[in-house]
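# Report on the structure
For reference, the chains in residue letters:
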Amino acid sequence: MLFDTGPESTFDNIVTALRQIGASVNDIRHVFLSHIHFDHAGAAWRFAELGATIYVHPRGAQHLIDPAKLIASAARIFGDDMQRLWGRIAPVPENRVRILEDKAIVPVAPFEIRAIATPGHASHHHVYRWEDNLFGGDIAGVRLGNGPPIPPFVPPELQIESWHESIAKIRELNPTNLYLPHFGSVKGCVAVHLDALDERVTRWSEWFREKISAGFREPDLVAAFARLEHDDLIANGATEELARDYETVDPSYMAVPGAIRYWQKYHPGEVFANNR
Ligand SMILES: [Zn+2]
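An account of the accompanying structure is given in this report.

Reading guide: rules and limits
Residues numbered from 1 in each chain as written. Predicted model: local features only at pLDDT ≥ 70, side-chain atom pairs only at ≥ 80, totals over all residues. Helix = DSSP H or I, 4+ residues; strand = E, 2+ residues; numbered from the N terminus. Contact = placed C-beta atoms within 7 Å. Core = buried A, V, L, I, M, F, W, Y, C linked by C-beta atoms within 7 Å. Buried ≥ 20, exposed ≤ 12 C-beta atoms within 10 Å, placed from the backbone. Expected span 1.5 Å × (residues − 1). Arc of directions from axis to C-beta. Pairing = 2+ DSSP bridges. Axes fitted to C-alpha atoms, helices over the stretch in contact; angles between N-to-C directions.

### Quick word on the overall build of the chain
When you go through the chain residue by residue, the secondary structure sums to 12 helices and 10 strands. Projecting the C-alpha coordinates of the chain onto the three principal axes gives extents of approximately 55 × 40 × 35 Å. Sequence separation of at least 24 residues holds for 69% of the intrachain contacts in the chain that already meet a minimum separation of 6.

### Examining the nonpolar core
Generally speaking, a soluble globular protein has its nonpolar side chains buried in company with each other. V31, L33, A44, I54, V56, L64 and A259 are the most contacted members of the largest nonpolar core, which totals 59 residues. Looking at this core, the element that brings in the most residues is helix α8 (residues 190-213), giving seven residues. Setting aside anything within four residues of it in sequence, one finds A44 in contact with T5, V31, L33, I54, L64 and V92. Among the nonpolar cores identified, the runner-up in size contains five residues, and L144, I150, A238 and Y246 belong to it.

### Some points on helix α9 (residues 218-235)
For α9, which comprises 18 residues, the first-to-last C-alpha distance of 25 Å matches the rise-based estimate of 26 Å (1.5 Å per residue) to within 8%. Within the sequence span of α9, burial applies to L221, F225, E229 and L233. Down the axis of α9, the smallest arc covering the buried residues is 90°, so these residues share one side. Looking at α9, the residues exposed on the side facing more than 90 degrees away from the buried face are P219, D220, R227, D231 and A235. For α9, the secondary structure elements touched by its buried residues are α8, α10 (240-249) and α11 (255-266). In the stretch just after α9, G237 is the one whose phi turns positive, near 105°.

### Description of unusual backbone geometry
The phi angle of most residues is negative, glycine excepted, and most peptide bonds adopt the trans form. Following A109, the chain continues into P110 via a peptide bond in cis, with omega recorded as 5°. Position of P110 among the secondary structure elements: in the loop between β5 (105-108) and β6 (111-117). In this chain, P155 is followed by P156 through a cis amide linkage whose omega measures -5°. Looking at the secondary structure, you find P156 in the loop between β8 (133-135) and α7 (160-173). The backbone of K103 sits at a positive phi, close to 75°, despite the residue not being glycine. Secondary-structure assignment places K103 in the loop between β4 (97-99) and β5.

### Concerning the sheet that holds β4
With parallel pairing, the four strands of this open sheet are ordered in space as β1-β2-β3-β4. What marks the edges here is a single partner per strand, and that holds for β1 (2-3) and β4. Across two bridges, the pairing between β1 and strand β2 (residues 30-32) is parallel. Paired with L2 across the bridge in β2 is V31. Helix α4 (residues 58-65) contacts β3 (53-56) and β4 of the sheet and is inclined by roughly 165° relative to β4.

Function cannot be read off these values alone, since they describe shape.
Structure below.
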């Protein structure tokens, strides 16, 4: 079993990592996707080609089978960088895709994998539980080295209330081990990680509410939020070098259109009241 594939551009890294544990890509029979963003699911078609079954949230399945819309919307953000970042993007044959509803259980003898719908970062997001292990996707935060966990706010589906509810669901499952696609297992207490993430979801989204309602426009927000995130990281244990790595992994500018869209769509009265 594999939880998220990464983009196709890093497929060879998985080949190498599997070889290091005495396995090969052909051994991967089940691929569980947290969501369909290319940095998580971009290589799914390669595994499907080798005969693996690809598991995904109901709202993600169509985009795996026909990625044209996803490619078009990503190209608007990433432009000429598409190939370098994601590698080749190709459809997953429909007969290799299995849709998982919330709370669905997949028996992979002798194991059982449970999907838990966890929207907030994306509407079509699952985390997966295996015994007391949880595979967190992007809803469980991005964390590098000794830095703090941060929520990857991205357009177009950012939904703050859902994000809080999803963190509460994960907290209730009380996992011993939490694995993050960006990157690795959470060292130390999972509850402490979740509390810090939850607090940052609130604080950052409130910061956006204040700035948007004060009339800040997108370019100013991009610069101001980059500073806010940088200072937050440094104040919470990151070095300058690590803060740069966070910026590479989860560029702060992505949060801005996500947050603007969220506030205008779900709470227009709050952000338009002051600058009418
Ligand atoms: Zn994502």
